[in-house]
Amino acid sequence: MESALNATADLETYLVQAIDLATRNVHNHGGPFGAVVVTASGQAFEGLNRVTATNDPTAHAEVTAIRAACAGTGTFDLTGATLYTSCEPCPMCLASALWARVDQIIFAADRHDAARAGFDDAVFYDYFETPVELRSMPVRRLAPAQTSPLAPFEAWLASGTRIDY
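Residues numbered from 1 in each chain as written. Predicted model: local features only at pLDDT ≥ 70, side-chain atom pairs only at ≥ 80, totals over all residues. Heavy atoms only, no water.

Participant: I would appreciate a short explanation of unusual backbone geometry in the present structure.
Facilitator: Generally, phi is negative for residues other than glycine and the peptide bonds are trans, each holding for most cases. Here the phi dihedral of histidine 29 falls at roughly 65°; this positive angle occurs in a residue that is not glycine. Here histidine 29 shows up in the loop between α1 (2-26) and β1 (34-38). Although it is not a glycine, arginine 101 adopts a positive phi angle of roughly 65°. Take arginine 101: it is sitting in the loop between α4 (91-99) and β4 (104-109). (Helix = DSSP H or I, 4+ residues; strand = E, 2+ residues; numbered from the N terminus.)

Following this line, the structure appears as structure tokens:
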């Protein structure tokens, strides 16, 4: 029973850290989002939402934490890591965590809380649920006549120096 309590306390420690980062970030021209990646070996890497501060729409807290963890550990594979975030990850952040092979995500506020504060990502969830032909932003395939669209993949498969991911 005591080990379960300690595990919960550890989870809460990093979640409180993410919430504190988010709150402080608001006072530093950033968005109200913070995140912490804790690797399997126990290393912790922080991330802040810097979208408006850096004019980078991909600079969400979860993404910046993943970038910091990957740079700090020297790998793109965060297997065994936990991502603690002040708010439920948006689809981009969730996809980033999946690409990084994060094992689990623990969040505090949810997407509905974020929407009430003006951060409504429902349009993104709706986008993926809408049939391709009805989506608000068209995404379509075009195969150019002058080259094979498979050329990059063929080069990748033929490369003796590729690093699979």
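Picking up after the structure, the text goes on.
Participant: Honestly, the nonpolar core in this entry has me stumped. Any pointers?
Facilitator: Side chains that are nonpolar tend, in soluble globular proteins, to be buried together. In this structure, Val37, Ile66, Leu78, Leu83 and Val102 are the most contacted members of the largest nonpolar core, which totals 17 residues. Every element with two or more residues in this core is listed here: β1, α3 (61-73) and β3 (82-87). By residue number, the principal contributor to this core is α3, which donates five residues. Once residues within four sequence positions are removed from consideration, valine 102 is found in contact with Leu78, Ala81, Thr82, Leu83 and Ala97. (Core = buried A, V, L, I, M, F, W, Y, C linked by side-chain atoms within 4.5 Å. Buried < 20%, exposed > 50% of the residue type's maximum accessible area, 1.4 Å probe, protein only. Contact = heavy atoms within 4.5 Å.)

Participant: Could you clarify how one ought to interpret the state of the cysteines in this entry?
Facilitator: Evaluation of the coordinates by the stated rule reveals zero disulfides. Cysteine 70 carries a free sulfur, and the closest cysteine sulfur to it, the one in cysteine 93, is 14 Å from it. The exposure class assigned to cysteine 70 is buried, which follows from its relative accessible area of 18%. Cysteine 90 provides the cysteine sulfur closest to cysteine 87, a residue in no disulfide bond, and the two sulfurs are 9.3 Å apart. (Disulfide = S-S within 2.5 Å.)

Participant: Can you help me understand the pairing of β4 in this one?
Facilitator: Residues in a regular strand point their side chains to alternate faces of the sheet. By the bridge criterion, five bridges tie β3 to β4 in an arrangement that is parallel. Each bridged residue has a counterpart across the sheet, and for cysteine 87 the counterpart in β4 is alanine 109. Considered for its hand, the β-α-β crossover made up of β3, α4 and β4 is right-handed. (Pairing = 2+ DSSP bridges. Right-handed = clockwise from strand over helix to strand, strands pointing away.)

Participant: What should I look at first to understand the side chain of threonine 64 in this one?
Facilitator: With respect to the element layout, threonine 64 can be found in helix α3. On the basis of relative accessible area, threonine 64 is assigned to the buried category, the value being 18%.

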